Amino acid sequence: MIELIGVHKRFGEQVVLDGVDFDVREGETVALLGASGSGKSVLLKHINGLIHPDAGQVIVDGQNVVTIGRKNLARLRTQIGYVFQNGALFDSMDVFENIRLGLSDETQYTDAEFSQDRVTECLRLVNLPPETAKKFPAELSGGMRKRVGIARAIAGRPKYLLYDEPTSGLDPVNADIIDQLVKQLDNELGVTSVMVTHDVRGAFRVADRLALLSEGTMALQGTQEEFLQSDNPRVREFLERDFHTAPVAA
Amino acid sequence: MEGPARVGGTIGAATGETGCDAHWAGWTSVSWGSTILPMNAVLVFPRFIGRAVLGGFTQLGRFSLLTFEIIRGLREWRIWLPRTITEMASVGMGSLFIVILIASFTGAVTAFQAGYQWQTSLPLYVLGTLIVSNIVLELGPVLVGLVLAGRIGARYAAELGTMRVTEQIDALDSLGRSPASHLIIPRVITGFVMLPVLTILADLVAILVGWYSVKQVLPITDADFIYGAQYYYRPFDGYYSIIKAFFFGGAITLISCYTGFNTKQGAEGVGRAVTAAVVASMVIILVLNATLARVLLN
Ligand SMILES: Nc1ncnc2c1ncn2[C@@H]1O[C@H](COP(=O)(O)OP(=O)(O)OP(=O)(O)O)[C@@H](O)[C@H]1O
Ligand SMILES: [Mg+2]
């Protein structure tokens, strides 16, 4: 369970989040939609405590992320996989080491055989060949980097997964594979996830519910039907524009 | 009249963030071009000092925070120990050539200058004393410190700065891993250990080269040199060399890790962090050098 209550965040003069309420139920996948610059990444970083809110509460797994203390936060973070928008791979390490660092359990991390198997397994899940393990991030394409980032986030089998635009920049085939992976982790392992995306079609296919962030607040959070039937002008505008441009973008 | 007013306006605008500065900014706009102008000019100075003091405290706070993180992270030795060993090997091997080069030239120049200053009324063995004590007490540790401030100070600030602006440090955090034990402790320990090691090497090389060089310019025998070197030599001189290097190493790595870790704003920010790290390390080395001389050589 992830819950944000009245979260405010500003950078200098710029108010990014202006009282955001957001919740993700256990085992659910919520797609977080919003225009570029609307604060989706900022919101996602509140969930694992990379950014502190100016006001409001962030509750994950029954714990208040803002006040929990650094030791408990570190422990909680091992339960939250985070896929960075631009990968954020460790560029001085090869792909194998990158994914292995995602094993938060220290005995698993030091177990050579286990980590080897798990890394190969995670690479397979994101549709990358095992040889990728020996490459360095600088030697990968943008889409491959993104998928290594996903592999790193899922390596430790977290209970929660936060994806920041996991499919942007991927070809349709691989975007589908990632969408399937998100769905599969959700269905088979009961992972609770938030997926930031621009791709409304993908969001409809994968997510149990959707949320639209706009002008610093949640315009709407609800099911696909609620979105399609909503007469909230902010929702209508976003859906119409996006459905309009989606075929071009694909 | 126009000059100070413009300066005041710029500072007020640039610091419009905090409540206190907003207040001053109001002052500036009211007084702009009016009769209160001299007053405004007078205010520029305290405002500047105020900002500098505030900034200083912010930096101090952040630095203490980082130090706490380092101390807390020391418990995770399973994580930092292997990384520290790799780092030490890399710094040691990487600095070997430059350290030997500097030590050789320093040794030679010290010998030639000692030869130049030497007078026939003095016994030849004094040269041994002069060369060895100059190198061990001052030149070895300080030159190694300054060169490594450029070499590893710049490297660490650039590495950590790049990791900061490309979110790699956030990524470590997001995995529940501590950036202190993964990134900072290995580098800081490397400084504390490798600077003394490299300084010992530099002292030895410089003394040997100095010994050889002084024989080229004056008819001093090996026995004279060794006698002179030992006659005034106290074991503390050697420790002093190592203690200095220890402090220099800690200062360089702590400062460069700190500036790198707190880098902001992209490539330009990394550049600024690197410059700040190198300049600050060099200044601190000079200050520490004087302080340690005052404290330990009495
Ligand atoms: N560390 C920061 N310092 C200052 N401003 C920031 C910072 N991080 C984000 N912002 C600002 O917050 C706003 C929201 O940024 P955010 O990255 O959340 O957008 P986004 O919704 O993820 O957009 P995109 O879809 O393009 O990734 C932006 O206007 C950005 O300038
Ligand atoms: Mg974003």
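Residues numbered from 1 in each chain as written. Chains lettered and ligands numbered in written order. Predicted model: local features only at pLDDT ≥ 70, side-chain atom pairs only at ≥ 80, totals over all residues. Heavy atoms only, no water.

This part is about the site of ligand 1. Residue and element names in this part refer to chain A. Near ligand 1 lie 14 residues; those nearest to it are Gln-14, Ser-36, Lys-40, Ser-41 and Gln-85. Here Ser-38 contributes a backbone N or O atom positioned 3.2 Å from an oxygen atom of ligand 1. Between ligand 1 and the protein, one listed contact pairs an oxygen atom with a backbone N or O atom of Gly-39 at 2.9 Å. For ligand 1, whose unbound accessible area comes to 640 Å², protein coverage reaches 63%. If you list the elements that add at least two residues to the shell around ligand 1, you get strand E2 (14-24) and helix H1 (40-47). The element contributing the most residues to the shell around ligand 1 is H1, with 3 residues. (Near = heavy atom within 4 Å. Polar contact = N/O pair within 3.5 Å; in protein donor to acceptor, adjacent residues only side chain to side chain. Areas by Shrake-Rupley, 256 points an atom, 1.4 Å probe, with all protein chains shown as cover. Helix = DSSP H or I, 4+ residues; strand = E, 2+ residues; numbered from the N terminus.)

A word on the environment of Thr-120 of chain B. Residue and element names in this part refer to chain B. Here Thr-120 shows up in the loop between helix H4 (77-117) and helix H5 (126-165). Residue class for Thr-120 comes out exposed when judged on its relative accessible area of 73%. Along the primary structure Thr-120 and Ser-133 are separated by 13 residues, whereas in three dimensions their C-alpha atoms are 21 Å apart. (Buried < 20%, exposed > 50% of the residue type's maximum accessible area, 1.4 Å probe, protein only.)

A separate point is the pattern of salt bridges. Where charged atoms of side chains with opposite charge meet at close range, the side chains can pair. Residue and element names in this part refer to chain A. In the structure shown here, the tally under the stated rule is 21 salt bridges over all chains. Note that Asp-61 is salt-bridged to Lys-159, the shortest N-O span being 3.0 Å. Taken together, the residues span a long stretch of sequence, with Asp-61 in the loop between strand E4 (55-60) and strand E5 (63-64) and Lys-159 in the loop between helix H6 (142-155) and strand E7 (160-164) at a distance of 98 residues. The class of Asp-61 is partly exposed, set by a relative accessible area of 30%. The class of Lys-159 is partly exposed, set by a relative accessible area of 36%. (Salt bridge = Lys/Arg side-chain N within 4 Å of Asp/Glu carboxyl O.)

Turning our attention to the sheet that holds strand E8 (residues 192-196) of chain A. Residues and elements named next belong to chain A. The 6 strands are arranged E6-E7-E8-E3-E9-E10 in an open sheet whose pairing can be described as mixed. Looking at the sheet topology across the chains shown, the edges are occupied by strand E6 (80-83) and strand E10 (217-222). Across the sheet, the mean angle separating the axes of adjacent strands is 15° when strand polarity is ignored. Pairing between E7 and E8: 5 bridges, direction parallel. (Pairing = 2+ DSSP bridges. Axes fitted to C-alpha atoms, helices over the stretch in contact; angles between N-to-C directions.)

A word on the confidence of the model for chain B. Residues and elements named next belong to chain B. When pLDDT is averaged along chain B, the result is 84; 86% of the residues meet or exceed 70. Low confidence marks residues 1-35, where pLDDT is under 50. Its contacts with residues over four positions away, or in another chain, come to 36 contacts. In the predicted complex, the global pTM is 0.83; the interface-specific ipTM is 0.90. (pLDDT = per-residue confidence, 0-100. Contact = heavy atoms within 4.5 Å.)

It is worth spelling out the side chain of Ser-95 of chain B at this point. All names here are of chain B. Mapped onto the elements, Ser-95 comes out in helix H4. One polar contact links the side chain of Ser-95 to the main-chain carbonyl oxygen of Val-91, over a distance of 2.7 Å. Non-local contacts of Ser-95, meaning those with residues more than four positions away in its chain, are made with Leu-148, Arg-151 and Leu-198.

This part covers the coordination of the magnesium ion (ligand 2). Each pair of donors in an ideal octahedron of six around a metal sits at 90 or 180 degrees, and each pair in an ideal tetrahedron of four sits at 109.5 degrees. All names here are of chain A. Within the protein, the magnesium ion (ligand 2) binds to Ser-41 (OG) and Gln-85 (OE1); these donor distances fall in the range 1.9 to 2.2 Å. Of the two residues, Ser-41 sits in helix H1 while Gln-85 sits in the loop between E6 and helix H3 (95-100), which places them 44 residues apart along the sequence. Classification of Gln-85 by relative accessible area gives partly exposed; the value is 36%. (Donors = N, O, S within 2.8 Å, 3.2 Å for Na, K, Ca; no water.)

Turning our eyes to something else, we now look at the interface of chain B and chain A. Counting residues at the interface gives 18 residues for chain B, matched by 24 residues for chain A. At the boundary of chain B with chain A, total buried surface from both sides reaches about 1,700 Å², with 50% on carbon and sulfur atoms. Of the charged contacts, one joins Asp-173 of chain B and Arg-77 of chain A as a salt bridge, the two residues approaching to 3.6 Å between their closest N and O atoms. Looking at the side of chain B that touches chain A, the elements with two or more residues in it are helix H3 (37-73), H4 and helix H6 (168-174) of chain B. (Buried area = accessible area lost by both parts, 1.4 Å probe.)

Residue and element names in this part refer to chain B. Contact geometry for H4 and helix H7 (residues 179-217): axes closest at 6 Å, N-to-C directions at 25°. It follows from the interaxial angle that H4 and H7 lie roughly parallel. As H4 runs across H7, the sense of the crossing is right-handed. For the contact of H4 with H7, the residue count by class is 24 nonpolar, 10 polar and 3 charged. (Parallel < 35°, antiparallel > 145°, perpendicular 65-115°, else oblique. Left-handed = near helix turned anticlockwise from the far one by under 90°. Nonpolar A, V, L, I, M, F, W, Y, C, P; charged D, E, K, R; others polar.)

Residue and element names in this part refer to chain A. Bridge analysis of strand E1 (residues 2-11) against E2 gives 8 bridges, and the strand direction is antiparallel. Each residue of the ladder has a partner; that of Leu-4, found in E2, is Phe-22. Counting the residues that bridge the hairpin from E1 to E2 gives 2 residues, and of these Gly-12 lies at a positive phi of roughly 60°.

With that out of the way, let us pick up the side chain of Asp-179 of chain A. Residues and elements named next belong to chain A. Among the structural elements, Asp-179 can be located in helix H7 (residues 172-189). Despite its burial, Asp-179 pairs with no opposite charge; the closest candidate is Arg-205, at 4.0 Å N-O. Apart from residues no more than four positions distant in its own chain, Asp-179 is found in contact with Thr-167, Met-195, Asp-199, Gly-202, Arg-205 and Val-206. (Lys, Arg positive; Asp, Glu negative; His and termini not counted.)

Moving on: the environment of Ile-100 of chain B. Residues and elements named next belong to chain B. Locating Ile-100 in the fold gives a position in helix H4. Exposure remark for Ile-100: the relative accessible area of 35% places this residue in the partly exposed category. Taking the C-alpha atoms as reference points, Ile-100 and Tyr-227, 127 residues apart in sequence, are found 25 Å from one another. Apart from residues no more than four positions distant in its own chain, Ile-100 is found in contact with Leu-201 and Val-205.

For chain A, the average pLDDT comes to 89, and 96% of its residues sit at 70 or higher. Here residues 245-250 of chain A is modelled with pLDDT under 50, and outside its nearest four sequence neighbours on either side it reaches 2 contacts, counting other chains as well.

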